[in-house]
Structure formats: C-alpha cells, structure tokens
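The lines below spell out each chain.
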Amino acid sequence: MWTLGEPAPELAIRAAIIYAVFFGALRLFGKREIGQFTIFDLALVLLAANALQPAITGTDTSLLGGLIVILTIFTLNRGVAALRVRSSLVRRLLEFGPTVVGRDGAWLLPELVRQGLDLGDVEEALREHGLDTVDQMKLATLEADGSISIVANDRADTSEARRRRRRYRRPV
C-alpha cells in the first residue's frame, strides 16, 4: 500500500506532462464552462481522464503514488491560477477573448461556423435580449465565458428587452 511502484519524481513528471496536455486540449475545446457541458462533453472528459490514468501512474498502484500524483496536479493547478492573475501574457494565452459574431443587422456566418454556433443559438440570444429580428441588432459578441451579448441598434424597440446573457451549447 505504501511502497511505490515507480520513483516519486517520475510520478510527478508524468502527472505534470499529462496535466499540461489535458489542459491544452481543454483550452482548444472552446468557449464553454463546466456548467455548459453537454452529456457528450462530460463523457469525453471522463473517458479521457480514465484513459490517461495509466499514463500518469504507470505500474504504480500504491496509495503513496496516488497522493504524489494528486499533490502534483493540485500544485500545478494552483500555480497556473496564480500565474494567470499575475501575468497578462499567461492570461492571454489561457483565456479566450470576446469574438464578434454579428454586426449591423447581419450574422458573420464564417465566424459563427468557426465558433461552433448555429443560427438557432444566436436567434435565441436575440429573443432573450428582447429583439425580434436580426435587423434590430447592432452588435453580437460571443464573450469569453461562452455567453452571447447583444447590443440593439438605435431603431430597435428595446423597452421590454431582457438584460441577460445567454450561454450557448455547441453540439459535439
């Protein structure tokens, strides 16, 4: 139970490498929060985690080995969070910026496709912001947190507009 099957430094290095690769894959995954995961997204993450476990621990099945891996992953995560707060370069590398997906009454179709949005997603966002048609939209932005912000043009009647943002769910 306490006897390591792999050297402690090797377990830490394996965990660090897998953490970096997994973090990079999630970064490429898109603008989405955990609460926005579809059942397919959740299955993907769980299956990937299960598939990566042997790559992290190798032949080690000891309790001490598991503690070393967990400590390494949590330490790395804390370090990344601290770097993100302290460094604008790291923040730019790790976080998404806002993306304009509509302007002056028209959707930017290539950008919608690139972001994995369909017309149903953005039309729903329009309605949630109190607009009836795309002609009433001055600007639509996919925010870093996955929400869609809509700014009405001056001609739009927004007296009953709901001031909230919509989070999209991109199909897998």
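To keep things clear, this report deals only with the structure shown in the data block. (Residues numbered from 1 in each chain as written. Predicted model: local features only at pLDDT ≥ 70, side-chain atom pairs only at ≥ 80, totals over all residues. Heavy atoms only, no water.)

## What to know about helix H6 (residues 119–128)
When H6 is considered as a whole, its buried residues turn out to be Asp121, Val122, Ala125, Leu126 and Glu128. Looking straight down H6, one finds that the buried residues subtend no more than 165 degrees of arc, so they occupy a single side. Measuring from the backbone nitrogen of glycine 120 back to the side-chain oxygen at the start of H6 gives 3.1 Å, which picks out aspartate 118 as the cap. One or two positions beyond H6, positive phi appears at glycine 130, with a value near 85 degrees. (Buried < 20%, exposed > 50% of the residue type's maximum accessible area, 1.4 Å probe, protein only. Helix = DSSP H or I, 4+ residues; strand = E, 2+ residues; numbered from the N terminus. Arc of directions from axis to C-beta. Polar contact = N/O pair within 3.5 Å; in protein donor to acceptor, adjacent residues only side chain to side chain.)

## What to know about the side chain of serine 149
Residue placement: serine 149 occurs in strand S4 (residues 147–152). For serine 149, a relative accessible area of 14% gives the class buried. Within the structure, serine 149 has its side chain in polar contact with the side chain of glutamate 143 (distance 2.9 Å).

## What to know about unusual backbone geometry
With a phi close to 50 degrees, aspartate 104 is a non-glycine residue in the positive phi region. Locating aspartate 104 in the fold gives a position in the loop between strand S1 (99–103) and strand S2 (106–107). Residue classification places aspartate 104 among the exposed residues on the basis of a relative accessible area of 62%.

## Let's talk about the environment of tryptophan 2
With respect to the secondary-structure elements, tryptophan 2 resides in the segment before helix H1 (8–29). Taking the C-alpha atoms as reference, tryptophan 2 lies 5.4 Å from leucine 64; in sequence the two are 62 residues apart. When near neighbours in sequence (up to four residues on either side) are disregarded, tryptophan 2 contacts Leu63, Leu64 and Leu67. (Contact = heavy atoms within 4.5 Å.)

## As for a nonpolar patch on the surface
On the surface, a nonpolar cluster with roughly 530 Å² of combined accessible area is contributed by Met1, Trp2, Leu63, Leu64 and Leu67. Looking at the element boundaries, leucine 67 is found in helix H3 (residues 63–86). What makes leucine 67 partly exposed here is its relative accessible area of 47%. (Patch = residues over 30% accessible without salt bridge, like charges linked within 9 Å, V, L, I, M, F, W, Y side chains within 5 Å. Areas by Shrake-Rupley, 256 points an atom, 1.4 Å probe, with all protein chains shown as cover. Salt bridge = Lys/Arg side-chain N within 4 Å of Asp/Glu carboxyl O.)

## Quick word on the pairing of strand S3 (residues 137–142)
Note that S1 and S3 share four bridges and pair antiparallel. Bridging across to S3, threonine 99 finds its partner in leucine 142. The pairing of S3 with S4 spans five bridges and is classified as antiparallel. Looking across to S4, one finds that threonine 141 is bridged to serine 149. Hairpin connection of S3 to S4: four residues between the antiparallel strands, including glycine 146 at a positive phi of 95 degrees. (Pairing = 2+ DSSP bridges.)

## Quick notes on the packing of aromatic side chains
Tallied over the entire structure, the rule returns one aromatic pair. Summarising the aromatic geometry, the rings of tyrosine 19 and phenylalanine 23 are spaced 5.9 Å apart at their centres and angled 20 degrees between planes, so their arrangement reads as stacked. On the criterion of helical spacing, the pair formed by tyrosine 19 and phenylalanine 23 is a turn pair, its members being four residues apart in helix H1. (Phe/Tyr/Trp six-rings, centres within 6.5 Å; stacked < 30°, edge-to-face > 60°.)

## Digging into the pattern of salt bridges
Taken as a whole and judged by the stated rule, the model has two salt bridges. With a shortest N-O distance of 2.9 Å, arginine 14 and glutamate 10 are connected by a salt bridge. A residue pair is termed a helical-turn pair when its members lie 3 or 4 positions apart in one helix, as arginine 14 and glutamate 10 do in helix H1 at four residues. Taking the relative accessible area as the measure of exposure, glutamate 10 reaches 29% and is therefore partly exposed. A salt bridge links glutamate 111 to arginine 114; its shortest N-O distance comes to 3.1 Å.

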